[in-house]
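Chain by chain, the residues run as shown.
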Amino acid sequence: MKIVIANDHAGVELKKELKDYMEGLGYEVINIGTDSTESCHYPEFGKKAAEMVASHVVDLGVLICGTGVGISLAANKVKGIRCGVCSETTTARLIRQHNNANMIAFGARIVGPELAKDIVKSFLDAEFEGGGRHQQRIDMISAIENEQ
Ligand code: RB5
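All values reported here derive from a predicted model rather than from experimental measurement. (Residues numbered from 1 in each chain as written. Predicted model: local features only at pLDDT ≥ 70, side-chain atom pairs only at ≥ 80, totals over all residues. Heavy atoms only, no water.)

(A) Broad picture of unusual backbone geometry. The step from G33 to T34 runs through a cis peptide bond, and the omega angle for that step is 5°. Along the chain, T34 turns up in the loop between strand 2 (28-31) and helix 2 (42-54). A positive phi angle, near 50°, is found at N100, a position not held by glycine. The topology assignment puts N100 in the loop between helix 4 (89-97) and strand 5 (103-107). The exposure class assigned to N100 is partly exposed, which follows from its relative accessible area of 23%. (Helix = DSSP H or I, 4+ residues; strand = E, 2+ residues; numbered from the N terminus. Buried < 20%, exposed > 50% of the residue type's maximum accessible area, 1.4 Å probe, protein only.)

Encoded structure:
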C-alpha cells in the first residue's frame, strides 16, 4: 500500500518520525515535503497530497501542520477527499470504519510522536465497514461536492 505524507514547516520533525514508522510497518511512503523548517504555506502541500489520493496515485495520505486543521481544510477541498484531524486513536479508527477517510491529519504542536504513531497505526489497521448507512452518508457528502 502506498501512502503520501505532506506537511508544512511545523510538521517536519513529526513527518520524519511517522515516515520511518510507517516504512517499518511495511508501507511505501512518498514524502512530498516540505523538508524545510522555513515558513511555508500548508494549503500547497495539502492540495498536492490530496490530489495524489484523489487520483489514486497513492492509496492513503497523512498530513501534518501545527494543529492539523489548516492542512486538512485544504485537502478536504479536493473532490473525493475525506480527511479527519485526529489527536487520539478511537477517532482514527472510526474515521476509517464509518467515514471511509482516505487521509488523516495531525497537529505537530498538539500530539507527541509516540501518540502520533499509535494514532496512525489505528488509522491504517482499520477498514471501512462498507455498505448500508455509512455508504449512504458518504454518498450524501459526495452529492454536496457535486452541487458546488
Ligand atoms: C503555521 O504556523 C500554522 O498556522 C500551521 O501549521 C497550522 O497550524 C494551520 O492550521
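(B) Representation of the pairing of strand 5 in the model. In terms of burial, strand 5 is largely enclosed, as five of its five residues are buried. Every second residue of strand 5 is oriented toward a common face, with M103, A105 and G107 on one face and I104 and F106 on the other, all of them buried. Bridge count for strand 3 (residues 60-65) against strand 5 is five bridges, and the pairing is parallel. Bridge assignment links C65 to a residue of strand 5, and that residue is G107. In this sheet, strand 5 lies alongside strand 4 (residues 83-85) in parallel orientation, the contact comprising three bridges. Of the residues in strand 5, the one forming a bridge with C83 is M103. Once the chain exits strand 4 it traverses helix 4 before rejoining the sheet at strand 5, and the crossover so formed is right-handed. (Pairing = 2+ DSSP bridges. Right-handed = clockwise from strand over helix to strand, strands pointing away.)

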